[in-house]
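# Survey of secondary and tertiary structure
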Amino acid sequence: MTFNDNFLRACRKEPVDHVPVWYMRQAGRYQPEYRKVREKYSLMEICELPEVCAEVTLLPVRQLNTDAAILFSDIMIPVKAMGIDVDIKGGYGPVIANPIKEAADVQRLRDLDPEADLPKTMDTIRILHRELNVPLIGFAGAPFTLASYMIEGGPSKNYYKTKQMMYAAPEVWNALMDKLGDMIITYMKAQVKAGAQAVQIFDSWIGSLSPSDYRRYVFPTMKKIFEALKGIGAPTIYFGINTGELLSVWKELPVDVIGVDWRVPLDSARARVGSDFALQGNLDPALLLAPWDVIERNAKEILDMGMAQPGYIFNLGHGVFPEVKGETLQKLTEFVHQYSSSKLKR
Ligand SMILES: Cc1c2[nH]c(c1CCC(=O)O)Cc1[nH]c(c(CCC(=O)O)c1C)Cc1[nH]c(c(CCC(=O)O)c1C)Cc1[nH]c(c(C)c1CCC(=O)O)C2
């Protein structure tokens, strides 16, 4: 089978045959096959079994005909390897037994050696590189989002403890950002070396910061990360939720693709970041539970805006819910492919 590189071409703002599409959380509980695997293994156990992990990664690509695969893993897996005691509770999120409180906790964090610490993840990537006829997206959590779990001890509404460290102990915060930044650079380079062809940095909870706090406490680390990843030969994607006001700062980052949530129309996002970046997004995941005509109307509107310039990847504004039907995603993928290819031919 020929290799479908539409996703990589869109990341580089090159011409495409159709708008490429993939879905955040395309592998997950909405799939009966995934639930079946989960009856036998926990999420962490799946990540330790390369054959099973590769199969779970491949399943949505085959079922939905997406233009990219995303490695099945979790943002907390490398954090565990750094010495943080993490468990991941489905439907809730990561739970940490030994949250970070002070400088000594940060100093204790180990540097990540991906091949030695996460050999099963690397093996999974090597299997997928052989099996896939679409690009594999590797990923990591971004420093702020990872730090929020490591400091709060689990999911949070207000990030009080995280911000407390930022404001009251900036030297501890900066040391944590440095450690996480270095981990992410090392991990992304290793994933690309093993066969990942693009990398996405998930900063899901970054929208809780004001632009000025983002600039002061997070931006330097993000800049360092994307500068270090510039030459690795794989496009980089930066995604977060509630980032409308942060886009004016993000536009200074040397990243290739900006992931947009559903609150910011793609034409506004373009106006805010300029035309240097490819864009990815941004159907409200809640729409996947709406009647088909409503989904189609919204998808069309998004496609018309996205396709106004080269460099556009269709996705959701956040991950697929467990309540969504696989057939809906299948139909949506087909619609995006057909609508965009007919528009491109004209
Ligand atoms: C914040 C975050 C986490 N993990 C991740 C993020 C960033 C993206 C986002 O904002 O969604 C990233 C992630 N987590 C998972 C993937 C790979 C799967 C894929 O995208 O197809 C990816 C890319 C598996 C997972 N990670 C998790 C599941 C679901 C639960 C399970 O199978 O037990 C999956 C498939 C658990 C998890 N892990 C996390 C949470 C908050 C949860 C609970 C939410 C839920 O249950 O839906 C932390």
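Residues numbered from 1 in each chain as written. Predicted model: local features only at pLDDT ≥ 70, side-chain atom pairs only at ≥ 80, totals over all residues. Heavy atoms only, no water.

Threshold: UniProt positions are given in the numbering used here, feature names are shortened, and annotations may be inferred rather than shown by experiment.
For the chain, the name recorded in an unreviewed UniProt entry is Uroporphyrinogen decarboxylase, with Effusibacillus consociatus as its organism. Annotation of the chain in UniProt includes, under Sequence similarities (unreviewed entry), the sentence "Belongs to the uroporphyrinogen decarboxylase family." Recorded in UniProt for the chain, the comment headed Subcellular location (unreviewed entry) runs: "Cytoplasm".

### Quick word on the UniProt feature "site: Transition state stabilizer" (unreviewed entry) in the chain
To keep it simple, the criterion reads: Runs of H or I in DSSP of at least four residues are treated as helices and runs of E of at least two as strands, each being numbered from the N terminus. Pairs of residues are marked as contacts when any of their non-hydrogen atoms sit within 4.5 Å.
The UniProt entry lists Asp74 under the feature "site: Transition state stabilizer" (unreviewed entry), expressed in the numbering used here. With respect to the helices, strands and loops of the structure, aspartate 74 is situated in the loop between strand S1 (69-70) and helix H5 (77-81). Contact partners of aspartate 74, with chain neighbours within four places excluded, come to Leu43, Ile88 and Phe139.

### Overview of the packing of helix H10 (residues 160-168) against helix H11 (residues 170-194)
To be explicit about the condition: What counts as an axis is a line fitted to C-alpha atoms, over the stretch in contact for a helix, and the angles between N-to-C directions run from 0 to 180 degrees. Any angle between 65 and 115 degrees counts as roughly perpendicular, while under 35 counts as roughly parallel, over 145 as roughly antiparallel, and the rest as oblique.
Contact geometry for H10 and H11: axes closest at 5 Å, N-to-C directions at 110°. When the axis of H10 is compared with that of H11, the two are roughly perpendicular. Within the contact between the two elements, H10 uses Thr162, Met165, Met166, Tyr167 and Ala168 and H11 uses Pro170, Val172, Trp173 and Leu176.

### Describing helix H13 (residues 219-229)
In plain terms, the rule: For every residue, the accessible area (1.4 Å probe, protein chains only) is compared with the maximum for its type, and the residue is labelled buried under 20%, exposed over 50%, or partly exposed between those bounds. In this description, the arc belongs to the directions extending from the helix axis to the C-beta atoms.
Every buried residue of H13 is accounted for by Phe219, Thr221, Met222, Ile225, Phe226 and Leu229. Viewed along the axis of H13, the buried residues span an arc of 160°, placing them on a single side of the element. Against the buried residues of H13 lie helix H9 (143-152), H11, strand S5 (198-203), helix H12 (211-217), strand S6 (236-240) and helix H14 (247-250).

### Some thoughts on the side chain of threonine 124
The topology assignment puts threonine 124 in helix H8 (residues 119-131). Setting aside residues up to four positions removed in sequence, threonine 124 forms contacts with Pro50, Cys53, Ala54 and Leu71.

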